[in-house]
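A closer look at the structure
If you want the building blocks of each chain, they are given just below.
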Amino acid sequence: MSVEPLDDGARAGLATALPRWDLTPARDALTRAFQFGDFSEAWGFMSRVALLAQAQDHHPEWSNVYNKVTITLTTHDAGGLSSRDIRLAQAIDALG
């Protein structure tokens, strides 16, 4: 299945639609860091994100160090950001 990259209009609205995510132009990706009370909370969050990602068949790049989780979203099939990244970022944000 072909995935189209975001058009200019969708890109222009990223800061408003996803204010807690940073655009990384060099990678054409969205990145957000999350901090939790401890490792167990961070791991639980990662588990919830993994279920969301699997349901959307779109899997993030991420790292975890103790209570910090960093997530990067980009669509390799589109060569950068796509609507799939926006949907997953919004679903992650909805976790609270």
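Owing to the predicted nature of the structure, the values given are computational and were not obtained by experimental measurement. (Residues numbered from 1 in each chain as written. Predicted model: local features only at pLDDT ≥ 70, side-chain atom pairs only at ≥ 80, totals over all residues. Heavy atoms only, no water.)

**Observations regarding the packing of aromatic side chains**
By the definition in use, this model includes five aromatic pairs. With a centroid separation of 6.5 Å and 15 degrees between ring planes, the pair formed by F34 and F36 is classed as stacked. Their ring planes at 35 degrees and their centres at 5.8 Å tell us that F39 and W43 sit as a pair that is tilted. Residue F39 and its partner W43 are located together in helix α3 (residues 39-56), separated by four residues, close to a single helical turn. Given the relative accessible area of 36%, F39 is considered partly exposed. Residue class for W43 comes out partly exposed when judged on its relative accessible area of 49%. One aromatic cluster is present, formed by W21, F34, F36 and F45 through successive ring pairs. (Phe/Tyr/Trp six-rings, centres within 6.5 Å; stacked < 30°, edge-to-face > 60°. Helix = DSSP H or I, 4+ residues; strand = E, 2+ residues; numbered from the N terminus. Buried < 20%, exposed > 50% of the residue type's maximum accessible area, 1.4 Å probe, protein only.)

**Details of the nonpolar core**
In terms of nonpolar packing, the biggest core is built from 20 residues, with W21, F34, F45, V69, I71 and I92 touching the most fellow members. Residue assignment for this core shows that the elements contributing at least two residues are β2 (29-35), α3, β4 (68-73) and α4 (83-94). By residue number, the principal contributor to this core is α3, which donates five residues. (Core = buried A, V, L, I, M, F, W, Y, C linked by side-chain atoms within 4.5 Å.)

**Structural notes on the sheet that holds strand β1 (residues 22-24)**
Spatially, four strands are ordered β1-β2-β4-β3 in an open sheet, and the strand pairing comes out antiparallel. Each having just a single partner strand, β1 and β3 (61-65) make up the two edges of the open sheet. Across the sheet, the axes of successive neighbouring strands diverge by a mean angle of 20 degrees, strand direction being ignored. Alignment of β3 against β4, held across five bridges, turns out to be antiparallel. Bridge pairing in β4 links S63 to T70. Packing against the sheet, α3 makes contact with β2, β3 and β4, and its axis sits at approximately 165 degrees to β3. Contacts between α4 and the sheet are confined to β2 and β4, with β4 contributing the most and set at about 155 degrees to the helix. (Pairing = 2+ DSSP bridges. Axes fitted to C-alpha atoms, helices over the stretch in contact; angles between N-to-C directions. Contact = heavy atoms within 4.5 Å.)

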